[in-house]
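Survey of secondary and tertiary structure
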Amino acid sequence: MIGIDIGGANLKVVDDAGMHIHYCPLWQGAPLAELLEPYAEPAAVVMSGELADCFASKIEGIRWIVGTVRAAIPDAAFYGTDAAFHTRPVPALAAANWLASADYLREEYADAVLLDVGSTTADIIPLNCFESLKGLTDTRRLQKQYLVYTGMLRTNVATLLSAVTLDGTVTPVSTEYFAASADAHLVLGQIAPEDYICPAPDNGEKTRDAALRRLARVVCADLDEIGRDGATQIARQFWETQRTLIARAVGRALFRSGAGRVITAGIGADLFARELGGVTLEGEIGEVSDALPAYAVREVALRQRACD
């Protein structure tokens, strides 16, 4: 059996060979069916891609994803926010990938809050609250601060910063999509160029110099106007804001759940483990922790099969 996580931007597959991540922007008509062709085994699937704005509604997205996956993999089953598997498109399939992670981890890590920081979002999941987590929509998770809509790669810098301080001068930012979180993290050495797997905002190079140029545009400047130090200040202030936003949500989940520790997964696992005094899941399950929902839904399905 394989595990599949279909997001709006990325397709993640876990099989016996390990983890496979494909950039798959559904809103741009990415060829999901073609990407799934090499994976012919029975599959356990989770999704969040139904929210892509190419679909008029979430249920339309669910129907399309289920139909596309089952055309390529007829034996696919889909995990829902009711913690059950389905073979037909039902509303419970919307954004259930985080719950699969919780289902897999909740017994061994019942004293922990899971922080899974991916390219686009951060999931904050108190693992000792599994029953109360069932049925939560992304809207409810946003309200509870279990979902923080910022990630390591795809966040528009201007969504977190309304202004930056450049050499002591408060400077409002442009709200154009000039720079992404990947640019800030690349400049600060928190990701490597090979981790920058989504297109850059200008479809340009994924080098430190190119990232600095994009960051300068956030304040409507060329790099020679504010210098490398100025662009780096923008990156640093973005990171400080992002870190604070996520850390506060994690602290709230720790307090409300009574959990005693933080475990981290996703592309931001190492960074946030250092920042928050947590431990990463990579030591337990290896590199597939970067595709935790895909790995988790596979393990949950195998566990249920063993019990049947």
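In the block above lies the structure referred to throughout.
Residues numbered from 1 in each chain as written. Predicted model: local features only at pLDDT ≥ 70, side-chain atom pairs only at ≥ 80, totals over all residues. Heavy atoms only, no water.

Comments concerning the overall build of the protein chain
- A tally of regular secondary structure across the protein chain gives 11 helices and 13 strands.
- Taking 308 residues into account, the globule formula puts the C-alpha radius of gyration at 19 Å, and the protein chain, at 20 Å, falls close to it.
- If you line up the protein chain on its principal axes, its C-alpha atoms span 65 × 45 × 35 Å.
- Within the protein chain, the proportion of its 308 residues that are buried is 54%.
- In the protein chain, of all internal contacts separated by at least 6 residues, the share reaching a separation of at least 24 is 62%.
- Carbon and sulfur atoms provide 47% of the accessible area of the protein chain, an area that totals close to 13400 Å².
- Averaging the positions of the 27 positive and the 40 negative side-chain charges in the protein chain gives two centres separated by 6 Å. (Helix = DSSP H or I, 4+ residues; strand = E, 2+ residues; numbered from the N terminus. Rg over C-alpha atoms; globule rule 2.2 N^0.38 Å. Buried < 20%, exposed > 50% of the residue type's maximum accessible area, 1.4 Å probe, protein only. Contact = heavy atoms within 4.5 Å. Areas by Shrake-Rupley, 256 points an atom, 1.4 Å probe, with all protein chains shown as cover. Lys, Arg positive; Asp, Glu negative; His and termini not counted. Charge placed at Lys NZ, Arg CZ, Asp CG, Glu CD.)

Brief notes about the packing of aromatic side chains
- Taken as a whole, this structure holds 4 aromatic pairs when the rule is applied.
- Centre to centre, the rings of Tyr79 and Phe85 are 5.4 Å apart; their planes meet at 70 degrees, and the pair counts as edge-to-face.
- You can call Phe85 partly exposed: its relative accessible area is 24%.
- Summarising the aromatic geometry, the rings of Trp239 and Phe272 are spaced 5.4 Å apart at their centres and angled 75 degrees between planes, so their arrangement reads as edge-to-face. Taken as a pair, Trp239 in helix α8 (residues 223-257) and Phe272 in helix α9 (residues 269-276) lie far apart in primary sequence, 33 residues in all. Accessibility assignment for this pair places Trp239 and Phe272 in one class, buried.
- Positioned over the ring face of Phe130 is Arg106, at 4.1 Å from the centre of the ring. (Phe/Tyr/Trp six-rings, centres within 6.5 Å; stacked < 30°, edge-to-face > 60°. Lys NZ or Arg CZ within 6 Å of the ring centre and 35° of its normal.)

A closer look at helix α2 (residues 58-72)
- End to end, α2 covers 21 Å across 15 residues, agreeing with the expected 21 Å (1.5 Å per residue, within 8%).
- Listing the buried residues of α2 in full gives Gly61, Ile62, Ile65, Val66, Thr68 and Val69. For α2, the arc enclosing every buried residue in end-on projection is 165 degrees, short of the 170-degree limit, so these residues lie on one face. Residues of α2 that are exposed and point over 90 degrees away from its buried face: Arg63 and Ala71. (Expected span 1.5 Å × (residues − 1). Arc of directions from axis to C-beta.)

Points about the sheet that holds strand β3 (residues 18-23)
- Across the sheet, 6 strands lie side by side as β3-β2-β1-β4-β5-β6; this open sheet has mixed pairing. Both edges of this open sheet fall to β3 and β6 (85-86), since each of them pairs with a single strand only.
- α2 contacts β1 (2-6), β4 (43-47) and β5 (77-79) of the sheet and is inclined by roughly 160 degrees relative to β4.
- Contacting β1, β2 (10-15), β4, β5 and β6, helix α11 (residues 292-307) crosses the sheet at an angle of about 135 degrees to β1. (Pairing = 2+ DSSP bridges. Axes fitted to C-alpha atoms, helices over the stretch in contact; angles between N-to-C directions.)

Observations regarding the nonpolar core
- Formed by 45 residues in total, the largest nonpolar core has its most connected members in Leu115, Ile124, Leu215 and Phe272.
- It is α8 that contributes the most residues to this core, 10 residues altogether.
- Contact partners of Leu115, with chain neighbours within four places excluded, come to Ala122, Asp123, Ile124, Ile246, Val250, Val262, Ile263, Thr264, Ala265, Phe272 and Leu276.
- Counting 35 residues, the second-largest nonpolar core is a separate cluster that includes Val14, Ala44, Ala100 and Leu281. (Core = buried A, V, L, I, M, F, W, Y, C linked by side-chain atoms within 4.5 Å.)

Overview of the packing of helix α3 (residues 97-105) against α11
- Viewed as axis vectors pointing N to C, α3 and α11 meet at an angle of 55 degrees, and their least axial separation amounts to 8 Å. Comparing the axis directions of α3 and α11 gives the class oblique. Between α3 and α11 lies a crossing of left-handed hand. Here α3 contributes Asn97, Ala100, Ser101, Asp103, Tyr104 and Leu105 to the contact with α11, which in turn contributes Leu292, Pro293, Tyr295, Ala296, Val297, Glu299, Val300 and Arg303.
- Of the residues in the contact of α3 with α11, the class split is 9 nonpolar, 2 polar and 3 charged. (Parallel < 35°, antiparallel > 145°, perpendicular 65-115°, else oblique. Left-handed = near helix turned anticlockwise from the far one by under 90°. Nonpolar A, V, L, I, M, F, W, Y, C, P; charged D, E, K, R; others polar.)

Remarks on the pattern of salt bridges
- Considering all chains together, one arrives at 13 salt bridges under this definition.
- A salt bridge links Lys134 to Glu131, with the shortest nitrogen-to-oxygen separation between them at 3.2 Å.
- Overall, the relative accessible area of 54% leaves Glu131 in the exposed class.
- Linking Arg141 and Asp138 is a salt bridge whose minimum nitrogen-to-oxygen distance equals 2.9 Å. You can see Arg141 and its partner Asp138 sitting in helix α5 (residues 138-144), 3 residues apart, about one turn around the helix. Accessibility classification places Arg141 together with Asp138 in one group, the buried group.
- Linked by salt bridges that have partners in common, Asp16, Arg298 and Glu299 make up one network. (Salt bridge = Lys/Arg side-chain N within 4 Å of Asp/Glu carboxyl O.)

A short note on the pairing of β1
- In terms of burial, β1 is largely enclosed, as 5 of its 5 residues are buried.
- Side chains Ile2, Ile4 and Ile6 project from β1 onto one buried face, and the interleaved Gly3 and Asp5 project onto a second face that is buried too.
- As defined by bridge partners, β1 adjoins β4 across 5 bridges and the pair is classed as parallel. The residue bridging Ile2 from the neighbouring strand is Ala43, located in β4.
- Sheet analysis places β1 next to β2, joined by 4 bridges and oriented antiparallel. Within β2, the residue paired with Asp5 across the bridge is Lys12.
- Counted along the chain from β1 to the antiparallel partner β2, the turn is 3 residues long.

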